[in-house]
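Reading the structure
Read off the chains here:
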Amino acid sequence: MCLWILDFLLNRLQFVKIGDNLSSSVTLSTGTPQGCVLSPMLYSLFTHDCFSSHVRTKILPFANDTTVIGLITNSDESEYRDQVNKLISWCNDNNLELNVNKTK
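Residues numbered from 1 in each chain as written. Predicted model: local features only at pLDDT ≥ 70, side-chain atom pairs only at ≥ 80, totals over all residues. Heavy atoms only, no water.

1. Let's talk about the overall build of the chain
Tallying secondary structure elements over the chain gives three helices and six strands in all. If you list the helices and strands of the chain from N to C, you get α-β-β-β-β-α-β-β-α. Restricting to contacts in the chain with at least 6 residues of sequence separation, those with at least 24 account for 27%. In the form shown here, the chain has an accessible surface area of approximately 8,600 Å², with 57% of it arising from carbon and sulfur atoms. Here the chain contributes 8 positive and 10 negative side-chain charges, whose respective centroids are spaced 5 Å apart. (Helix = DSSP H or I, 4+ residues; strand = E, 2+ residues; numbered from the N terminus. Contact = heavy atoms within 4.5 Å. Areas by Shrake-Rupley, 256 points an atom, 1.4 Å probe, with all protein chains shown as cover. Lys, Arg positive; Asp, Glu negative; His and termini not counted. Charge placed at Lys NZ, Arg CZ, Asp CG, Glu CD.)

2. Quick notes on the packing of aromatic side chains
Tallied over the entire structure, the rule returns one aromatic pair. Both rings, one in Trp-4 and one in Phe-8, keep their centres 6.2 Å apart while their planes meet at 10°; by these two values the pair is stacked. Of this pair, Trp-4 and Phe-8 both sit in helix 1 (residues 2-9), four residues apart, roughly one helical turn. With a relative accessible area of 54%, Trp-4 lands in the exposed category. (Phe/Tyr/Trp six-rings, centres within 6.5 Å; stacked < 30°, edge-to-face > 60°. Buried < 20%, exposed > 50% of the residue type's maximum accessible area, 1.4 Å probe, protein only.)

Read these as layout, nothing more, since geometry by itself doesn't imply function.
This is the structure in structure tokens:
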């Protein structure tokens, strides 16, 4: 099964179609196809080692999204900010690009 999934993910051709016009194709060997039924499961496998290091913060992955939530008391955001920085480092280490347009 692992070989089947690997074969499915490697050397995929991608192109854009607008009306009757097709762009030239590009070969991809990273990520998962958008809309694929395997994508949420693969995202979970890719991110299985991404977890919170603080008791009052949580990392919540869902489908192809991840949220950091934290309990901030007495205006002390240090654990929350530390967890966000650790998530940024984890993403960099694992070649995942954060969409800064969706980040708040």
